[in-house]
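Structural description and commentary
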Amino acid sequence: MAPAGWLADAGYGQNADFRAALAEREIPYVVGIRGDLTVQPHDAHPAAPAFSGTGRPPVPR
(Lines give C-alpha, C1' and ligand atoms only; values in the text may rest on other atoms or scores of the structure.)
Protein backbone atom coordinates (compact mmCIF):
# COMPACT_ATOMS: atom_id res chain seq x y z
CA MET A 1 0.00 0.00 0.00
CA ALA A 2 1.38 3.42 -0.98
CA PRO A 3 1.79 6.08 1.70
CA ALA A 4 -0.94 8.74 1.93
CA GLY A 5 1.76 11.39 1.83
CA TRP A 6 5.13 12.47 3.21
CA LEU A 7 6.07 14.77 6.05
CA ALA A 8 9.68 15.99 6.16
CA ASP A 9 11.81 18.49 8.06
CA ALA A 10 13.55 21.55 6.61
CA GLY A 11 16.60 19.50 5.64
CA TYR A 12 14.49 17.80 2.98
CA GLY A 13 12.31 20.87 2.43
CA GLN A 14 15.21 22.85 1.01
CA ASN A 15 16.09 20.03 -1.41
CA ALA A 16 14.35 20.93 -4.68
CA ASP A 17 15.19 17.55 -6.25
CA PHE A 18 13.45 15.74 -3.38
CA ARG A 19 10.33 17.89 -3.69
CA ALA A 20 10.30 17.55 -7.49
CA ALA A 21 10.56 13.76 -7.26
CA LEU A 22 7.57 13.60 -4.92
CA ALA A 23 5.55 15.92 -7.16
CA GLU A 24 6.51 13.90 -10.27
CA ARG A 25 5.19 10.77 -8.58
CA GLU A 26 2.05 12.66 -7.50
CA ILE A 27 2.81 11.95 -3.83
CA PRO A 28 1.32 14.62 -1.58
CA TYR A 29 3.85 16.14 0.82
CA VAL A 30 4.34 18.71 3.55
CA VAL A 31 7.90 19.84 4.24
CA GLY A 32 9.43 22.34 6.61
CA ILE A 33 11.42 25.19 5.12
CA ARG A 34 14.07 27.55 6.47
CA GLY A 35 13.07 31.13 7.18
CA ASP A 36 15.35 32.50 4.46
CA LEU A 37 13.70 30.50 1.63
CA THR A 38 11.39 32.43 -0.71
CA VAL A 39 8.22 30.58 -1.69
CA GLN A 40 6.22 31.68 -4.71
CA PRO A 41 3.71 30.10 -7.09
CA HIS A 42 5.31 28.42 -10.11
CA ASP A 43 3.97 31.09 -12.49
CA ALA A 44 5.06 34.10 -10.36
CA HIS A 45 6.95 36.93 -12.03
CA PRO A 46 8.98 38.80 -9.38
CA ALA A 47 9.23 42.53 -10.01
CA ALA A 48 11.66 45.07 -8.57
CA PRO A 49 10.41 48.48 -7.40
CA ALA A 50 11.67 51.47 -9.40
CA PHE A 51 15.20 52.59 -8.48
CA SER A 52 15.21 56.06 -6.91
CA GLY A 53 18.88 56.63 -7.72
CA THR A 54 20.08 56.58 -4.11
CA GLY A 55 21.22 53.68 -1.99
CA ARG A 56 21.27 50.10 -3.20
CA PRO A 57 19.23 49.18 -6.26
CA PRO A 58 16.05 47.31 -5.24
CA VAL A 59 15.85 43.55 -5.78
CA PRO A 60 12.82 41.64 -7.11
CA ARG A 61 10.25 40.71 -4.47
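So, here is what we can say about the structure in this document. Bear in mind that the values here come from a model prediction, so they are computed numbers and not experimental data. Within each chain, residues carry numbers counting from 1 in the order of the written sequence. The predicted nature of this model means local features are confined to residues of pLDDT at least 70 and side-chain atom pairs, given and counted, to a pLDDT of 80 or more, with totals for whole chains, interfaces and linings taken over all residues. Side-chain figures throughout are based on the complete set of non-hydrogen atoms in the structure, without hydrogens or water.

1. Digging into the overall build of the chain
Each helix and strand counted, the chain has two helices and two strands in total. Only runs of H or I of at least four residues qualify as helices and only runs of E of at least two qualify as strands under DSSP, and these elements are numbered from the N terminus. Written out in order from the N terminus, the α and β elements of the chain read β-α-α-β. Each radius of gyration reported is based on C-alpha atoms, and the globular scaling rule is 2.2 Å times the count of residues to the power 0.38. Relative to its length of 61 residues, the chain is extended, with a C-alpha radius of gyration of 17 Å against a globular reference of 10 Å. The dimensions of the chain, computed from C-alpha atoms along their principal axes, are 60 × 20 × 15 Å. The buried label goes to any residue with under 20% of its type's maximum accessible area, the exposed label to any with over 50%, and the partly exposed label to all in between, with areas taken from a 1.4 Å probe on protein chains only. When the 61 residues of the chain are sorted by exposure, 7% land in the buried category. The contact criterion used is simple: two residues touch if any of their non-hydrogen atoms lie within 4.5 Å. Within the chain, residue pairs in contact and separated by at least 24 positions form 9% of the contacts whose partners lie at least 6 positions apart. Per-residue accessibility takes into account occlusion by the displayed protein chains alone, with areas from the Shrake-Rupley method and a 1.4 Å probe. Just so you have it, the chain exposes about 5,400 Å², and 57% of that area is on carbon and sulfur atoms. Note on charges: Lys and Arg go in the positive column, Asp and Glu in the negative column, and His and the chain ends are not counted at all. Here the site of a charge means NZ on Lys, CZ on Arg, CG on Asp, or CD on Glu. Of the side-chain charges in the chain, 5 are positive and 6 negative, and the distance between the mean point of each set is 12 Å.

2. A word on the pattern of salt bridges
Counted as salt bridges are all cases of a side-chain nitrogen of Lys or Arg within 4 Å of a carboxyl oxygen of Asp or Glu. Inspection of every chain in the model, using the stated rule, returns one salt bridge. With a shortest N-O distance of 3.0 Å, Asp36 and Arg34 are connected by a salt bridge. Owing to a relative accessible area of 56%, Asp36 belongs among the exposed residues under this scheme.

3. Description of unusual backbone geometry
Its identity as a non-glycine residue notwithstanding, Glu26 has a phi of 60°, on the positive side. In this fold, Glu26 is placed in the loop between helix H2 (16-24) and strand E2 (29-31). Classification of Glu26 as exposed rests on a relative accessible area of 72%.

4. A look at the packing of aromatic side chains
In summary, the pairing rule links any two rings of Phe, Tyr or Trp, Trp by its six-membered ring, whose centres are within 6.5 Å, and it sorts them by plane angle into stacked for under 30 degrees, edge-to-face for over 60 and tilted for everything else. Within this structure, the stated rule accounts for one aromatic pair. Pairing Tyr12 with Phe18 gives two aromatic rings, centres 5.0 Å apart and planes at 45°, and the pair type is tilted.

5. With respect to a nonpolar patch on the surface
Together, Ile33, Leu37 and Val39 make up a nonpolar patch on the protein surface, roughly 260 Å² of accessible area in all. According to the relative accessible area criterion, Leu37 is partly exposed, its value standing at 36%. Like-charged residues are merged into a patch within 9 Å and nonpolar side chains (Val, Leu, Ile, Met, Phe, Trp, Tyr) within 5 Å, provided each residue has over 30% relative accessible area and no salt bridge.

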